[in-house]
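So the chains spell out like this:
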Amino acid sequence: MALEDAVVLSSKLAEGIGDIHGALLAYEKARYLRTARVQIMARSVGEYIHCGGGERDLRNDLLKQRPPGISSEFDWVYQGIEVPA
């Protein structure tokens, strides 16, 4: 996320030459929903990975049943990242 933030922030600063406040507002608007989604998913995955007892056994059983090569529900993290020219 830090690298994405750096790319987007530098792009917004370059677009709004001299208008730092406007560039920061544009950066915030561009990153707000994606960073919120990543944080929420990270908390959820943390609970999933660090569960114990019956929850752990159920998780392990469900993971064993997944077919090999299935795409991850987290593929969106790596797709659609726009890198400015």
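This text goes with the structure placed above it.
Residues numbered from 1 in each chain as written. Predicted model: local features only at pLDDT ≥ 70, side-chain atom pairs only at ≥ 80, totals over all residues. Heavy atoms only, no water.

A. Quick look at the overall build of the chain. On a plain count of helices and strands, the chain comes out with three helices and zero strands. Counting helices and strands in the order they occur from the N terminus, the chain gives α-α-α. Across its three principal directions, the C-alpha atoms of the chain cover 55 × 25 × 15 Å. Looking at the chain as a whole, 14% of its 85 residues qualify as buried. (Helix = DSSP H or I, 4+ residues; strand = E, 2+ residues; numbered from the N terminus. Buried < 20%, exposed > 50% of the residue type's maximum accessible area, 1.4 Å probe, protein only.)

B. Focus on helix α2 (residues 20–49). Taking 1.5 Å per residue, 30 residues should reach 44 Å; α2 reaches 41 Å between its end C-alpha atoms and fits that length. Within the sequence span of α2, burial applies to Ala23, Tyr27, Arg31, Arg34 and Val38. Tucked into the core, α2 has its buried residues touching α1 (2–15). (Expected span 1.5 Å × (residues − 1). Contact = heavy atoms within 4.5 Å.)

Nothing here speaks to function; it is all geometry.
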